[in-house]
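# Structural characterization, general
Read off the chains here:
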Amino acid sequence: MKIIEPPAVEEWSGILKGKDIQSYRKHFSDVSSYYLNAEGMDAETVMYDVYSSSSEEKADGSLEWGLTVLYPVSVNGECNMTKGHFHMDESCEEIYIGKAGEGLLMYMDHTGNTWCEKVFSGSVHRISGRYAHRLINTGDEPLKVMACWNSRAGHNYEAIQKQPFGYRVMKKDGKAEAVKNEQL
Ligand code: M6P
Ligand code: ZN
């Protein structure tokens, strides 16, 4: 029997290394339209990195996984967040596992009903394929979350643009608070 290295290893720096790992970086210019007030923000600000690995097989049961690293950036008081998405195939669930930092996992159903779960190192989340989901960093450190989903899930960003999340998370006097999205 041979014992070999795992396909990917997370390093203390927050970077995931291994073969077949893709990554992309979102700057403020990629996500500015999601925020209440983009005024004065530097377009080049690094908002989040996503590392991912997909199965070579792409069969019905294939899985993909990823690591999101969301930096502690304030956008005129609003906490840094991922774009968020519904799944193209709403029968596909997703698992999130908190690795570091502090934040919220925001959900929204198709009627606009919005709620959150707390995210922290060790928190485990089962996301129904019927709910939109977004990560929000409410802490002062990078929020790191591992994710695993079915290759068929797909990202439906258009649905989120048509029906944005019902709440925004703002930080006031060091405390995160949810405020109703008045632009709806
Ligand atoms: C997680 C997974 C990915 C997703 C990423 C960033 O790693 O859910 O599928 O792409 O977060 O989220 P978003 O695409 O909504 O910006
Ligand atoms: Zn998803």
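That block above? That's the structure.
These remarks concern the structure in this document. Bear in mind that the values here come from a model prediction, so they are computed numbers and not experimental data. (Residues numbered from 1 in each chain as written. Chains lettered and ligands numbered in written order. Predicted model: local features only at pLDDT ≥ 70, side-chain atom pairs only at ≥ 80, totals over all residues. Heavy atoms only, no water.)

### Here's the deal with the nonpolar core
- Residues Tyr35 and Met47 are the most contacted members of the largest nonpolar core, which totals 34 residues.
- The set of elements that each furnish at least two residues to this core consists of α1 (28–31), β4 (46–54), β9 (102–108), β12 (132–137), β13 (143–150) and α2 (157–162).
- Counting residues per element, this core draws most heavily on β9, at five residues. (Core = buried A, V, L, I, M, F, W, Y, C linked by side-chain atoms within 4.5 Å. Buried < 20%, exposed > 50% of the residue type's maximum accessible area, 1.4 Å probe, protein only. Helix = DSSP H or I, 4+ residues; strand = E, 2+ residues; numbered from the N terminus.)

### Things to note about the pattern of salt bridges
- Under the defined criterion, the tally for this structure stands at eight salt bridges.
- Its salt-bridge partner being Lys172, residue Glu177 comes within 3.4 Å of it at the nearest N-O pair.
- Here Glu177 falls in the partly exposed class, since its relative accessible area comes to 35%.
- Looking at Lys172, the relative accessible area reads 44%, which means it is partly exposed.
- Because the salt bridges share partners, they merge into one network encompassing Asp60, Asp89 and Arg152. (Salt bridge = Lys/Arg side-chain N within 4 Å of Asp/Glu carboxyl O.)

### Quick word on the coordination of the zinc ion (ligand 2)
- Taken together, His85 (NE2), His87 (NE2), Glu94 (OE) and His133 (NE2) make up the full set of protein donors to the zinc ion (ligand 2), lying 2.0 to 2.2 Å away.
- Relative to the metal, the four donor atoms surrounding the zinc ion (ligand 2) lie at angles of 86 to 153°, and the coordination shape comes out irregular.
- The motif formed by the donor residues of the zinc ion (ligand 2), counted along the single chain, is H-x1-H-x6-E-x38-H. His87 shares its class with His85; the two are buried. (Donors = N, O, S within 2.8 Å, 3.2 Å for Na, K, Ca; no water. Tetrahedral: all angles 85-135°; square planar, octahedral: opposite > 155°, others 65-115°.)

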